[in-house]
Structure formats: C-alpha cells, structure tokens
Amino acid sequence: MKVGYLGPKGTFSEEAVFKYIEGMKECEAIEFATIQDVVKSVAEGTCDEGILPVENSIEGSVNVSLDLLINDDEGILVKGEVIIPISQCLICDDFIDFKDVHCILSHPQALAQCREYILNNFPRVEVKTTESTVKALLGVNAKKGIVAIGPERAAWLYNLKVLEKDVQDIKENYTRFLVIAKRDSDYTGEDKTSIVFSVPNVPGSLYRALGVLAGKNINMTKIESRPSRKKFGEYVFWVDIEGHRKEERIKEALEDLKIKADFLKVIGSYPKFKMGK
C-alpha cells in the first residue's frame, strides 16, 4: 500500500504517516510537494491513501485541507484520523546568538503556533513563510542569520542544530490528520462521521439543521463554517459527529438533515483515534 503525505522527509505529516502505518506490512510512504498533490495522488490512483493535516490544537483548522475535501468531485472519502503531539524547535545550520538572527522561516501554521515566542524573542526579525516546515529547514543551510521553526527529527535528518526545543506558545500542542482514500471505513462501534452541508439563508435555518442531530442524541465534536466559493456571504458547515453513517440513527438523521439543507455531503465515516495508541 502507498500512502501520500506532505513532504519533504521529516515533516510532521511524515510522522503522522509512520504513526498510521505502524504495524502494517508492505506500506510505502510517498512524499509530495503540496497538500493538493496528496489529494490528487489518491484521486488518480498513484497512492492508495493519503494523510492530510486538518486541525491544530493551538491554531485551528488547516483550511486548504478542508476546502479540498469539501469541493472534491473525485469521490475522495475520509477513512481514518491520526493525532500526534507537536513540538516546534528553533533550528539553524550552526549555533548562533539570538541577536544575530535577521530572518525566521517556517510554514504558516508553525509560525502561528509560535507567534508569542517570536514576538518576545525576535520582535524586529523578518518572518517568511514556506510550503512546509522542512522546506524552511532546507532554507537555512549555509545562510548566516537565518533560522527555521520545525521538527526536531528533521533537524537530525538534515544535519542541522536545534537552538531551542518546544518553542510553541502552548506546550500541549497536537495536530489532527485525516486519512483519505476512495472508500471510507467499516463500522467499528467507536466511529466518527464528517459531513458538510449548507442551509437556506433565512433566520433559524442553521439552528433547525443542528436540531436534527440533537433530536437523535448525536454528539458533535467539531463544527466550522467555510465560504461556499459560489457567492459572497454564503457558507457551508463542516461538522464531525459521533457515530457511523451506516448506523440507523445516523442514517435517519442524515435523511432528515437533507430535507432541511440546500446541500449535504458525507465526507466519510472512520474509527475514532485513541490517544496513547
């Protein structure tokens, strides 16, 4: 089995892949330059599955991943989730005094997770974004005064120096990844289902839609609005609920919700990730 992830080697996405395929036989991790490329690899069959970062406990959702799944027309489904702890490190090609730093590189999510740290330690330093944390690390090689924020393992892989560990603003830092494929997972009894829907632009429509879930005693673990991309001011709602789409109560709720919604899409059902697994 081939599993695609956002590369290069050493990213947190690669760590999530290793966590996901732990114990599986004949699995190969394939790196891609962008999240879009990961989705495309599954859609076109280059990879059997893919891993997408979707949510960080400090900074919130990874919008590009959500939008790709919301607007997918290739039949991509979510079949699993992986949650890993995130420790951001300050990294350079050689040890350097903080006063000599003039530029910090990293992925926007990593920079956002370390916003207060950067303001407190490098208030006048230029900050630049990169496509991944590892791309940032590769940008510090033999460049004086440039540091990066990224994973400790990546520093080891690329023979770089860790100046400081755990530089994220909140030490308890986790990122959730979704596993995508052409089909979702079978019922296990400990499942979640991700759905997307829109409602008429009239007072109380969202309240009535969510009332369908409450009426069936279905717990929501996530709700987020995203622009519909069709008209300014129109939104769709991503909701994660407890239960599998093949359960009778979930099936009934989705049928009732379809009546109240302008649009409803089931993104997939999958086992809940167990922390400490």
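Residues numbered from 1 in each chain as written. Predicted model: local features only at pLDDT ≥ 70, side-chain atom pairs only at ≥ 80, totals over all residues. Heavy atoms only, no water.

This is how the line gets drawn: UniProt positions are given in the numbering used here, feature names are shortened, and annotations may be inferred rather than shown by experiment.
As recorded in an unreviewed UniProt entry, the chain goes by Prephenate dehydratase and comes from Caldanaerobacter subterraneus. As its UniProt record puts it under Catalytic activity (unreviewed entry), the chain is described as follows: "prephenate + H(+) = 3-phenylpyruvate + CO2 + H2O". Quoted straight from UniProt, the Pathway (unreviewed entry) entry for the chain says "Amino-acid biosynthesis; L-phenylalanine biosynthesis; phenylpyruvate from prephenate: step 1/1."

1. Remarks on the layout of surface pockets
Applied cut-off: Points on a 1 Å grid, built from protein atoms alone, make a cavity when a 1.4 Å probe fits but cannot get out and make a pocket when they are open with protein on both sides within 12 Å along at least 5 of 7 lines; residues with an atom within 4 Å of a point are the lining residues. Grid points are joined across faces, edges and corners, and a volume is the space filled by probe spheres set on the points. Under the scheme used here, helices are H or I runs from DSSP no shorter than 4 residues and strands are E runs no shorter than 2 residues, and both carry numbers assigned from the N terminus. Basically, the charged four are Asp, Glu, Lys and Arg, the nonpolar ten are Ala, Val, Leu, Ile, Met, Phe, Trp, Tyr, Cys and Pro, and anything else, Gly included, counts as polar.
The space that makes up the largest pocket amounts to roughly 370 Å³. Taken together, 18 residues form the lining of the largest pocket, with S198, S228, E234, Y235 and V236 sitting closest to its centre. Going through the elements one at a time, α8 (205-215) and β14 (235-242) are the ones with two or more residues in the lining of the largest pocket. Ranked by the residues each element gives to the lining of the largest pocket, the list is headed by β14, at three residues. Considering only residue class, the lining of the largest pocket consists of nine nonpolar, six polar and three charged.

2. Details of the sheet that holds strand β10 (residues 161-164)
Put simply, the rule is: Strands are labelled as partners when DSSP assigns at least two bridges between them. The axes used here are C-alpha line fits, helices contributing only the stretch in contact, and every angle between their N-to-C directions lies in the interval 0 to 180 degrees.
Taking strand neighbours across the sheet as the criterion, the five strands line up as β8-β7-β9-β6-β10 in an open arrangement whose pairing is mixed. A single partner strand is all that each edge strand has here, and the edge strands are β8 (126-129) and β10. Between one strand axis and the next, the sheet turns through 35 degrees on average, direction left out of account. Summarising the sheet, strand β7 (residues 103-106) and β8 pair through four bridges and their orientation is parallel. Pairing of L105 across the sheet is with K128, part of β8.

3. A short note on the domain arrangement of the chain
To be explicit about the condition: Source of the domain bounds: an automatic or database domain assignment. Any pair of residues with heavy atoms lying within 4.5 Å of one another is described as a contacting pair. Each of two parts loses accessible area, computed with a 1.4 Å probe, when they are put together; buried area is these two losses added. For this document, the term salt bridge refers to a Lys or Arg side-chain nitrogen within 4 Å of an Asp or Glu carboxyl oxygen. Here a polar contact is recorded for every N or O atom pair within 3.5 Å, except that within protein the pair must consist of a potential hydrogen donor and a potential acceptor, and residues adjacent in sequence are included only if both atoms are side-chain atoms.
Domain boundaries in the chain define domain 1 (2-86 + 173-181), domain 2 (88-164) and domain 3 (191-271). When each unit is reduced to the centre of its C-alpha atoms, the spacing between domain 1 and domain 3 is 23 Å. Taken together, the contact pairs 17 residues of domain 1 with 16 residues of domain 3. Roughly 1500 Å² of surface becomes buried between domain 1 and domain 3 when both sides are summed, with 50% attributable to carbon and sulfur atoms. Inspection of the region where domain 1 meets domain 3 yields four salt bridges. Of the charged contacts in the structure, one is a salt bridge between E55 and K222, with a shortest N-O distance of 3.9 Å. One can count eleven residue pairs in polar contact (both at pLDDT 80 or more) joining domain 1 with domain 3. Contributing elements (two or more residues each) for the side of domain 1 that touches domain 3: α3 (63-70), β5 (77-85) and β11 (174-181). Grouping the amino acids of the side of domain 1 that touches domain 3 by side-chain chemistry returns seven nonpolar, four polar and six charged.

4. Brief notes about the packing of helix α2 (residues 35-43) against α3
Convention followed: Put simply, angles under 35 degrees are roughly parallel, angles over 145 are roughly antiparallel, angles from 65 to 115 are roughly perpendicular, and the rest are oblique. Should the near helix be turned anticlockwise from the far one by less than a right angle, the crossing is termed left-handed; should it be turned clockwise, right-handed.
Closest axis-to-axis distance for the α2/α3 pair is 10 Å, and the angle between their directions is 30 degrees. It follows that α2 is roughly parallel to α3 by the angle criterion. Judged by the twist between their axes, the crossing of α2 over α3 is right-handed. Residues I35, Q36 and V39 of α2 touch α3, and the partners they reach there are V64, S65 and L68. Considering only residue class, the contact of α2 with α3 consists of four nonpolar, two polar and no charged.

5. Quick notes on the nonpolar core
Basically, it comes down to this: For our purposes a nonpolar core is just a set of buried Ala, Val, Leu, Ile, Met, Phe, Trp, Tyr and Cys residues, chained together by side-chain atoms within 4.5 Å. Burial classes follow relative accessibility: with a 1.4 Å probe on protein chains only, a residue under 20% of its type's maximum area counts as buried, one over 50% as exposed, and anything between as partly exposed.
Core analysis: the biggest nonpolar cluster contains 23 residues, and L52, L69, I76, V78, L178, I180 and W238 have the highest contact counts within it. Of all the secondary structure elements, the ones that give two or more residues to this core are α2, β3 (49-56), α3, β11, β14 and β15 (263-271). Counting residues per element, this core draws most heavily on α2, at five residues. Per-domain counts for this core show at least three residues from each of domain 1 (2-86 + 173-181) and domain 3 (191-271). Other than its neighbours up to four places away in sequence, W238 contacts L66, L69, I70, L178, S194, I195, V196, K222, I223, E224 and I267. With 16 residues, the next largest nonpolar core counts I195, F237, V239 and I250 among its residues.

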